[in-house]
Each structure stands twice: as structure tokens, then as C-alpha cells.
Amino acid sequence: QVQLVESGGGLVQAGGSLRLSCAASGNIFRINFMDWYRQAPGKQRELVAAITGGGMTSYADSVKGRFAISRDNAENTVYLQMNSLKSEDTAVYYCNVQFQPVGVWREDNKWGQGIQVTVSS
């Protein structure tokens, strides 16, 4: 009943920018956390950035100063603005959302399908 739609990926040259979007829809009462993970070839999936409902953000050291996570609570959407992209940023990026369903006292977790970001050198 909950869907995540990711968009904004693609192919860019090093130094360029992309903005990823993840829109959550369905029976969502409240979103607790919205995160972006990525998995590069030959590497483990890692947390890239996270944002709480209060707007507190955190970033992996490798992207600090280059990436910015934000959210639009009215649209249940999280964004990842990626600037000064490097070839090392090439990965599949996954949106992750922890939320409370409408009328239910529990917390659910949902993963996006993943979106490819490729940075050419």
C-alpha cells in the first residue's frame, strides 16, 4: 500500500550535478526517517545521507560538502542534491523510508527499487 518512486538518476560527467528524488505515497501517516543508501560495484551498501522529521541531517564522510539531503514533508519526498560528482560516486542509490501507516501503531520500513547514478571521468 506504500510506494516509493525514485527519479533523477542518470549519466553525468565528473564535476557535474544531479538531484535524486524519492516520493512516498500510500497509507502514510508520518515519516520518521528518510535516508539515501548506495551500493557501488564491489562495495557494500552504505548510508550516504539521512534526514529526520525535525530536519537533522547526517552524511557519509565521502560526500560531506558535496551532497545535501532535504525533504518536503507536504509531499513526503526526500531529495539528494549531488554536486561536484566524482567517479567514485557511481553506484545504485536506494531510498529508504521509515514510516507509520495510517491508523496503525507500528513502524514500517520501505526501500526504493534503486536508481543508477553513473559519473564518467
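Notes on the structure in this doc start here. (Residues numbered from 1 in each chain as written. Predicted model: local features only at pLDDT ≥ 70, side-chain atom pairs only at ≥ 80, totals over all residues. Heavy atoms only, no water.)

## Some points on the pattern of salt bridges
Where side chains of opposite charge bring their charged atoms close, a pairing between them can arise. Threshold: Should a side-chain nitrogen of Lys or Arg be within 4 Å of a carboxyl oxygen of Asp or Glu, the pair is scored as a salt bridge. A helix here means a DSSP run of H or I that spans at least four residues, while a strand means a run of E at least two residues long, and both kinds are numbered starting from the N terminus. Throughout this description, buried means an accessible area under 20% of the type-specific maximum (1.4 Å probe, protein chains only), exposed means over 50%, and partly exposed covers the range between.
Scanning the entire structure with this criterion turns up five salt bridges. Asp89 serves as the salt-bridge partner of Arg66, at 2.8 Å between the closest nitrogen and oxygen. You can see Arg66 sitting in the loop between β6 (57-59) and β7 (67-72) and its partner Asp89 sitting in the loop between β8 (77-82) and β9 (91-101), a full 23 residues away along the chain. Accessibility expressed as a relative area gives 1% for Asp89, which makes it buried. With its nearest N and O atoms 2.9 Å apart, the salt bridge here joins Asp108 to Arg106.

## A look at the side chain of Thr77
For clarity, the threshold we go by: The term polar contact refers here to a pair of N or O atoms within 3.5 Å; inside protein, the definition further demands a hydrogen-donor-capable atom paired with an acceptor-capable atom, and it admits residues adjacent in sequence only when both atoms are side-chain atoms. Whether two residues touch is decided by their heavy atoms; if any such pair falls within 4.5 Å, the residues are in contact.
Mapped onto the elements, Thr77 comes out in strand β8. Here Glu75 takes part through its backbone oxygen, which lies 3.0 Å from a polar atom of the side chain of Thr77. Other than its neighbours up to four places away in sequence, Thr77 contacts Cys22, Ala23, Met34, Ser70, Arg71 and Asp72.

## Thoughts on the nonpolar core
Defined as follows: What we call a nonpolar core is a set of buried Ala, Val, Leu, Ile, Met, Phe, Trp, Tyr and Cys residues that are connected through their side-chain atoms within 4.5 Å.
Grouped together as the largest cluster of nonpolar side chains are 31 residues, with contacts concentrated most on Trp36, Leu80, Met82 and Tyr93. Where this core is concerned, the elements lending two or more residues are β1 (2-7), β3 (18-26), β4 (28-39), β5 (46-52), β7, β8, β9 and β11 (115-120). Counting residues per element, this core draws most heavily on β9, which supplies five residues. Look past the residues within four positions of Tyr93 in its chain and what remains in contact with it is Glu6, Leu20, Trp36, Tyr37, Arg38, Val48, Phe67, Leu80, Met82, Gly114, Ile115 and Val117.

## So, the sheet that holds β7
Short version of the rule: The pairing criterion for strands is at least two bridges between them, as found by DSSP. For every element, the axis is a line fit to its C-alpha atoms; helices are fit only across the contacting stretch, and the angle between N-to-C directions ranges from 0 to 180 degrees.
The strand order β1-β3-β8-β7 describes an open sheet built from four strands, whose pairing is antiparallel. Edge positions in the open sheet fall to β1 and β7, since each of these has one partner strand only. Between one strand and the next, the sheet's axes are offset by a mean angle of 15°, whatever the strand orientation.

## Side note on the packing of aromatic side chains
To keep it simple, the criterion reads: Classification of ring pairs rests on two measures: the distance between centres of Phe, Tyr or Trp rings, Trp counted by its six-membered ring, which must be within 6.5 Å, and the angle between planes, read as stacked under 30 degrees, edge-to-face over 60 and tilted in between. We call a charge positioned over a ring when the NZ of a Lys or the CZ of an Arg lies within 6 Å of the ring centre and within 35 degrees of the ring normal.
On inspection of all chains with the given rule, the structure shows one aromatic pair. Relative to Trp111, the ring of Tyr37 has its centre 5.0 Å away and its plane inclined at 55°; by these criteria the two rings are tilted. Separated by 74 residues along the polypeptide, Tyr37 in strand β4 and Trp111 in strand β10 (residues 108-111) bring together distant segments of the chain. Between the NZ or CZ atom of Arg45 and the centre of the ring of Tyr94, over which it lies, the distance is 3.8 Å. Over the ring of Trp111 we find Arg45, and its NZ or CZ is 5.1 Å from the ring centre.

## Topic: the pairing of β9
Burial runs high along β9: nine of the 11 residues are buried. Both β9 and β11 contribute to a ladder of three bridges, which runs antiparallel. Across the sheet, the residue bridging to Ala91 is Val117, located in β11. For β9 and β10, the ladder comprises four bridges, and the chain directions are antiparallel. Paired with Gln98 across the two strands is Asn109, which belongs to β10.

Spatial relationships are all this shows, so hold off on functional conclusions.
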